[in-house]
Amino acid sequence: MNQRATILAPWAVACAAAFLPAQAATLSAERVEEVLGYLASDALGGRDTPSRGLEEAAQFLAWSFSRAGLEPGAAVGEAPDWFHRYTLPGQQVDTSGVELRLTSADGGEVLLRPGTDFRLWDAGRAFTAEGIPMAPEPEDADSDPARVRRQMAAAAPTFVVTPAKHPAWRAAEGARTTLRRRGRGGAAPTILLRPGAAEGTETIAALRVPAPTEVDVPLRNVVAILPGTDLADEIVVVGAHYDHVGIRPRADGSDGIYNGADDDATGTTAVLLLAEHFAAQAVRTRRSLAFVCFSAEEKGLQGSRAFVADPPFELSRVAAMVNLEMLGRPEKEGPPFAWVTGKEYSDFAAIAGAALERAGVALTEFEMASRLFSASDNLPFAQAGVVAHSISAGTLHSDYHQPGDEPSRIDVPHMTAVLAGLAEVVAEFANREGRPAYTPEAAERLNGTRR
Ligand SMILES: [Zn+2]
């Protein structure tokens, strides 16, 4: 829970930022807290793809890039645009089309009112059930996602008792749009029940969920450019994903908002602050800088895959891609540090490490760093031949992909120190003579995984 962000409306936070003096120090702890506090606030509901909170975050990022003096990095036709647009296959279903009748303990039948007594959280596919026990989750149960998945796999509908003030209840109002799931699962629906709408002793007389409507879900990556000087035709991409996993229904009374403060509001905050930093410099970098905030990373790197499939600039122009992931939870005392995924694949880490150390940030090892090379938005770029790695400055902590990934748990002094190092890294890749290169073995291997 972020107190400030819940008291102020999102745009009040953004507008307060607009009145900062023009010469305010860039890369400051105050600016980290402000941007991170907004992106990871409950108001944005965990930035699921797709969701209203995700769209608000995209607007905020575009508006902030514009205010800092950057140029739109994408286009609609000939017109410059802040958004690289793409669609993903989705499905939409409206609770009003769902029928839910119960047989109560005394044998009578009760027709529950859609929208009022229940709302559809997850439609799965067209679903019909009769004569099965109701068994709603008790209000003190912990309806963890793994359990919900197991129930769905068992083809039994899941009922979660959800108060009207819960974010999930509000998010399920009217027609609900979700991305179409790939692979197995999703057979049975998840239904939110108003407290008191069912006693738990009933059987389901009939549950009918109509087939969802197939839709193309419009989505956006946010792209901003700062033109370079003598090597302006080459580009250094600085990226992070601004989406997270959203809200999950919770029967235990908790808010169920997965704030994604570390993952990856920290990386997104860093992208914006680095853009503000370089835009405020009197001298431009030699290469152009592209700042890109990706959506749908948590849905399988879909935003960066769409970007690479239909890039707003030739990928051969990209000298290096610096992807930023989870910068704010070092989980230990000591001097600031950062690590690079898949550092054995290229000379990227050696170049980045020297730059980090100039700012007093140590380049460290992380036991899963090799495997995590394939776990973020650098991967589609790498598969397209661009030298692209993720830089992290923390660990896979116990709040990773949990509701506890809250802005209050971010180590802001650590992240601010790391940001100074990242500014050195970006400047180094933008100004040095040559480009980083994959080892021949890595180049061959990545070529084999291109899709
Ligand atoms: Zn992430």
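Every value quoted in this text rests on a predicted model; they were computed, and no experiment measured them. (Residues numbered from 1 in each chain as written. Predicted model: local features only at pLDDT ≥ 70, side-chain atom pairs only at ≥ 80, totals over all residues. Heavy atoms only, no water.)

1. Focus: the overall build of the chain
- Looking only at helices and strands, the chain features twelve helices and 20 strands.
- When the 451 residues of the chain are sorted by exposure, 55% land in the buried category. (Helix = DSSP H or I, 4+ residues; strand = E, 2+ residues; numbered from the N terminus. Buried < 20%, exposed > 50% of the residue type's maximum accessible area, 1.4 Å probe, protein only.)

2. Observations regarding the side chain of Arg287
- The topology assignment puts Arg287 in strand β16 (residues 287-294).
- Side-chain polar atoms of Arg287 contact the backbone oxygen of Glu433, separated by 3.1 Å.
- Apart from residues no more than four positions distant in its own chain, Arg287 is found in contact with Gly228, Leu231, Glu234, Val236, Ala319, Phe429, Ala430, Asn431, Arg432, Glu433, Gly434 and Arg435. (Polar contact = N/O pair within 3.5 Å; in protein donor to acceptor, adjacent residues only side chain to side chain. Contact = heavy atoms within 4.5 Å.)

3. Topic: the pairing of β16
- In terms of residue burial, β16 counts as a mostly covered element, since eight of its eight residues are buried.
- Pairing geometry for strand β14 (residues 213-226) and β16, over five bridges, is antiparallel. Bridging from a neighbouring strand, Ile225 pairs with Ala290 of β16.
- Looking at chain direction, strand β15 (residues 231-241) and β16 are connected through eight bridges and run parallel. Across the sheet, residue Val237 finds its bridge partner in β16, namely Ala290.
- For the crossover that starts at β15, traverses helix α7 (residues 261-279) and ends in the parallel β16, the hand is right-handed. (Pairing = 2+ DSSP bridges. Right-handed = clockwise from strand over helix to strand, strands pointing away.)

4. Brief notes about the pairing of strand β7 (residues 118-122)
- Of all five residues that make up β7, five are buried, and the element is covered over most of its length.
- As paired elements, β7 and strand β12 (residues 190-193) share four bridges and run antiparallel to each other. Among the inter-strand pairings, Arg119 is bridged to a residue of β12, identified as Leu192.

5. Description of the confidence of the model for the chain
- Mean pLDDT over the chain works out to 89, with 88% of the residues at or above the 70 mark.
- Low confidence marks residues 15-23, where pLDDT is under 50. Its contacts with residues over four positions away, or in another chain, come to seven contacts. (pLDDT = per-residue confidence, 0-100.)

6. A few points about the coordination of the zinc ion
- Around the zinc ion, the protein contributes the donor atoms His241 (NE2), Asp263 (OD), Glu325 (OE) and Glu325 (OE), at 2.0 to 2.4 Å from the metal centre.
- For the zinc ion, the four donor atoms in the first shell make angles of 56 to 154° at the metal, a pattern classed as irregular.
- If you list the donors of the zinc ion from N- to C-terminus, the spacing comes out as H-x21-D-x61-E. Taken together, the positions of His241 in strand β15 and Glu325 in the loop between β17 (318-324) and β18 (337-340) put the pair 84 residues apart, joining distant regions of the chain.
- The exposure class of Glu325 is buried, given its relative accessible area of 8%. (Donors = N, O, S within 2.8 Å, 3.2 Å for Na, K, Ca; no water. Tetrahedral: all angles 85-135°; square planar, octahedral: opposite > 155°, others 65-115°.)

7. Brief notes about the packing of aromatic side chains
- Inspection of the entire model under this criterion finds eight aromatic pairs.
- Seen in terms of ring centroids, Phe294 and Phe381 are 6.0 Å apart; in terms of plane orientation they differ by 65°. Their pairing is edge-to-face. Placement of the pair is Phe294 in strand β16 and Phe381 in helix α10 (residues 378-383), with a sequence separation of 87 residues. Of the two residues, Phe294 and Phe381, both sit in the buried class.
- For the pair Trp339 and Phe366, a centre-to-centre distance of 4.2 Å together with 10° between the ring planes defines the contact as stacked. Taken as a pair, Trp339 in strand β18 and Phe366 in the loop between β19 (362-363) and α10 lie far apart in primary sequence, 27 residues in all. Assigned by exposure class, Trp339 and Phe366 land together as buried.
- Members of the aromatic cluster, each reached through a chain of ring pairs, are Phe294, Phe307, Phe313 and Phe381.
- Lying across the ring of Phe337, Lys332 places its NZ or CZ 4.6 Å from the centre. (Phe/Tyr/Trp six-rings, centres within 6.5 Å; stacked < 30°, edge-to-face > 60°. Lys NZ or Arg CZ within 6 Å of the ring centre and 35° of its normal.)

8. Structural notes on the packing of α7 against helix α11 (residues 412-431)
- Look at α7 against α11: their axes get within 10 Å of each other, and the N-to-C directions meet at 55°. Between α7 and α11, the angle falls in the class oblique. Crossing of α7 against α11: the hand is right-handed. On α11, the residues that touch Thr266, Thr269, Ala270, Leu273, Leu274, His277 and Phe278 of α7 are Met415, Leu419, Leu422, Ala423, Val426 and Ala427.
- Classifying every residue of the contact of α7 with α11 by side-chain character gives ten nonpolar, three polar and no charged. (Axes fitted to C-alpha atoms, helices over the stretch in contact; angles between N-to-C directions. Parallel < 35°, antiparallel > 145°, perpendicular 65-115°, else oblique. Left-handed = near helix turned anticlockwise from the far one by under 90°. Nonpolar A, V, L, I, M, F, W, Y, C, P; charged D, E, K, R; others polar.)

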